[in-house]
Amino acid sequence: MVDGREGDVAAPDRSVRVWVIPTNEELLIARDTVRDALGIEH
Amino acid sequence: VLACAGDVPTIETLAAADLLRQWLPELRVRVVNVVDLMTLQPASEHPHGLEDAAYDALFPPRVPTIFAFHGYPWLIHRLTYRRAHHPMLHVRGYKEEGTTTTPFDMVVRNDLDRFHLVLDVIARVPGLADQAGPLAAEMRGRRKRHAQYIVQHGEDMPEVRELALGHGPMKVLVLNCGSSSLKFQVIATDADAIEQDKDERLARGVIERIGSEAILTFEARAVRPRKLAEPWRDHRAALDRVLRWLVEGNATSRSSGLSEIEASAIASCTAGEALKKSCASTTRSSPRSRRTSTRAAPQPRRTCAASRPRAAAFRARPPAGRGVRHRVPRDDARDRVPLRRAVLVLRAASRPALTASTGPHRYVAYRWRRLTGRSKEETKLITIHLGNGCSACAIVGGRSIDTSMGMTPLEGLVMGTRAGDIDPGLFQYLAHKEGLSPDEFDAMLNKQAGLLGVSGLTHDMRDLLSEAAEHGDRRAHLAIDLFVGRVRKYIGAYLAEMNGAEGIVFMGGIGENSAPFARGSARTSTRSESCSTRAQERRWSTAAKATSPRRIEACACG
């Protein structure tokens, strides 16, 4: 667990890892907006 | 009022306005860029001349105006001598000064530079000279520094050559609209913060159940979280409420600068995250600033119609907000495509073309990369969003190669009130047998199906789980099993399609909670031994507990 709120929850012996990650798409939208406004390539 | 005409004076004026805002935040400054000088003349003298009322609205008679002009100042005086504000007008322009020198020095020699414009403002706004002493000294100092710098270096100072307006991280208001909810965050970020993953969340909140007695939750730094119940009719009214809270309702909004939002963006999705489109607008000016692009998925008519009230909402102005502007770009091209063809095109071409930019999926893919230290190219991920709406996405090399999201929010996984994938022949069958109209069929699949339809009880997974656990309700079991089974089926399909995955990411209210999958495993077994996947329920539950909505997170985002 990272910060106790997101992380790998799969059993240790498994090859495909299962993760729980709370979403926060607003962050990426804010970043897109700032990048576009300031003319930063992304 | 700072007026300007011509490219060089306009840049100097913007720079002067920026200095004033930085040093004297209480001073109200208006910048008027004059692109047609003839508008300055009385309407009786020239067809372009502004009527007095319109002119006086721009240049109030008793307000000092500093006009930066790229020609001789007397021309502006001649054009405006009959205007009411003329006694308050001061024009800076070319006064025959200059020689072979740097571009900015030409401006300085004619007292048209930003520093001198600021000095002019200090000299002419009544009462300002007393309090703006330090700024005046700074401006005179910078003019001196400029003179020394160009002698030493033979070119203009870097701060002059590379004009950057605005200060510190940009404050962005992000709105995320659901069918009956409006979520928002105010995030302060800039290039460095993005690079270091140090964006700051200043405030966030949500208005739920818009259309009836809405529930409002607002949180900001150093302010006690507020939870209110207020009736809000539609998204427009809800947005007004949010802006009011941001601008004035929140005690610390002024001191924290929360009211100084410089850009805004909407993510409008129809009652889920099936189709998402974000567009943005900004007030911060930059020579390099360009129109923000419209990104992500094409929207079909259904979604357009559904998002119309939100577009209307977004034109609403904050009551006392300054610096907030909204623009909703129209996508005309989309409207011109005949619907039937659009459907075919969407189905055939656009789904794999969706990059992983669809909201939550894009975020968790990004977050997973950060947590695991993988690059975009190494990404091989299945992302599953289980909230009010549900969707799955297969991401390979940073691109979505497949998704459960169709043209409307209906396709794919079983959701709270949506059926997800169904037999297309069902419509014809029900139309004949039950006399169902297209609208009724649509309402049935979108509003009465899914967990609600199967269980006959509720669309809420938490209630279903307790119903199944406490009373062993057969239909509650069935709904949960169906829900979990569909998720498994998609995971299996994607694993085959992607030839295995590095990871599977769960998110959303249901996705962050292991309970349905633990329950499901008892009856239908969520273990897919073939792909060697098994989650540890205990660890998952820990995650779920820690992400309980009651927990107020620290302000740092991400």
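Quick caveat: nothing in here was measured; it's all calculated off a predicted structure.

A.B. asks: Which residues make up the overall build of chain A, and what are the values?
C.D. replies: A count of helical and extended segments in chain A gives one helix and two strands. Of all 42 residues assigned to chain A, the portion counted as buried reaches 74%. For chain A, the accessible area works out to roughly 1300 Å², and carbon and sulfur atoms hold 50% of it.

A.B. asks: Please provide a residue-by-residue account of the overall build of chain B, values included.
C.D. replies: For chain B, the helix and strand inventory stands at 22 helices and 15 strands. Residues counted as buried form 49% of the 558 residues belonging to chain B. Looking at chain B alone, contacts between residues at least 24 apart form 60% of all its contacts between residues at least 6 apart. Working note: accessible area of chain B is about 27500 Å², and carbon and sulfur atoms make up 51% of it.

A.B. asks: Kindly report on the side chain of Thr217 of chain B, identifying the contributing residues and their values.
C.D. replies: Residues and elements named next belong to chain B. Counting through the fold element by element, Thr217 comes out in strand 8 (residues 213-220). We classify Thr217 as buried; its relative accessible area is 17%. Discounting chain neighbours no more than four positions away, the residues touching Thr217 are Arg204, Gly205, Val206, Arg226 and Lys227.

A.B. asks: A description of the packing of helix 1 (residues 7-23) of chain B against helix 5 (residues 114-124) of chain B should follow, citing residues and the corresponding values.
C.D. replies: All names here are of chain B. Interhelical geometry of helix 1 versus helix 5 gives an angle of 55° and a closest axis separation of 8 Å. It follows from the interaxial angle that helix 1 and helix 5 lie oblique. Crossing handedness for the pair helix 1 and helix 5: right-handed. Here Ile11, Glu12, Thr13, Ala15, Ala16, Leu19 and Leu20 of helix 1 come into contact with helix 5, specifically with Arg114, Phe115, Leu117, Val118 and Val121. When grouped by side-chain class, the residues that make up the contact of helix 1 with helix 5 number nine nonpolar, one polar and two charged.

A.B. asks: Could you give an account of the sheet that holds strand 2 (residues 31-33) of chain B, with specific residues and numbers?
C.D. replies: Residue and element names in this part refer to chain B. Strand order in the open sheet made by the four strands is 2-1-3-4, with parallel pairing throughout. On the outer flanks of this sheet lie strand 2 and strand 4 (89-92), each paired with one strand and no other. Within the sheet, the average angular offset between the axes of one strand and its neighbour, ignoring direction, is 20°.

A.B. asks: How would you sum up the environment of Glu208 of chain B? Please name residues and give values.
C.D. replies: Residues and elements named next belong to chain B. Along the chain, Glu208 falls in strand 7 (residues 200-208). Among the residues examined, Glu208 registers a relative accessible area of 35% and is labelled partly exposed. For Glu208 and Ser181, which are 27 residues apart along the polypeptide, the C-alpha to C-alpha distance reads 4.4 Å. Apart from residues lying up to four places away in sequence, Glu208 is in contact with Ser180, Ser181, Ala214 and Ile215.

A.B. asks: Can you lay out the nonpolar core for me, pointing to particular residues and giving the numbers?
C.D. replies: Ile382, Ile384, Leu386, Phe483 and Phe506 of chain B are the most contacted members of the largest nonpolar core, which totals 35 residues. Elements supplying a minimum of two residues to this core: strand 2 (17-20) of chain A together with strand 12 (380-386), strand 13 (390-396), helix 18 (461-471), helix 19 (474-498) and strand 15 (503-507) of chain B. Ala17, Leu27, Ala68 and Leu112 of chain B belong to the second-largest nonpolar core, a separate cluster that totals 28 residues.

Thresholds applied
- Residues numbered from 1 in each chain as written.
- Chains lettered and ligands numbered in written order.
- Predicted model: local features only at pLDDT ≥ 70, side-chain atom pairs only at ≥ 80, totals over all residues.
- Heavy atoms only, no water.
- Helix = DSSP H or I, 4+ residues; strand = E, 2+ residues; numbered from the N terminus.
- Buried < 20%, exposed > 50% of the residue type's maximum accessible area, 1.4 Å probe, protein only.
- Areas by Shrake-Rupley, 256 points an atom, 1.4 Å probe, with all protein chains shown as cover.
- Contact = heavy atoms within 4.5 Å.
- Axes fitted to C-alpha atoms, helices over the stretch in contact; angles between N-to-C directions.
- Parallel < 35°, antiparallel > 145°, perpendicular 65-115°, else oblique.
- Left-handed = near helix turned anticlockwise from the far one by under 90°.
- Nonpolar A, V, L, I, M, F, W, Y, C, P; charged D, E, K, R; others polar.
- Pairing = 2+ DSSP bridges.
- Core = buried A, V, L, I, M, F, W, Y, C linked by side-chain atoms within 4.5 Å.

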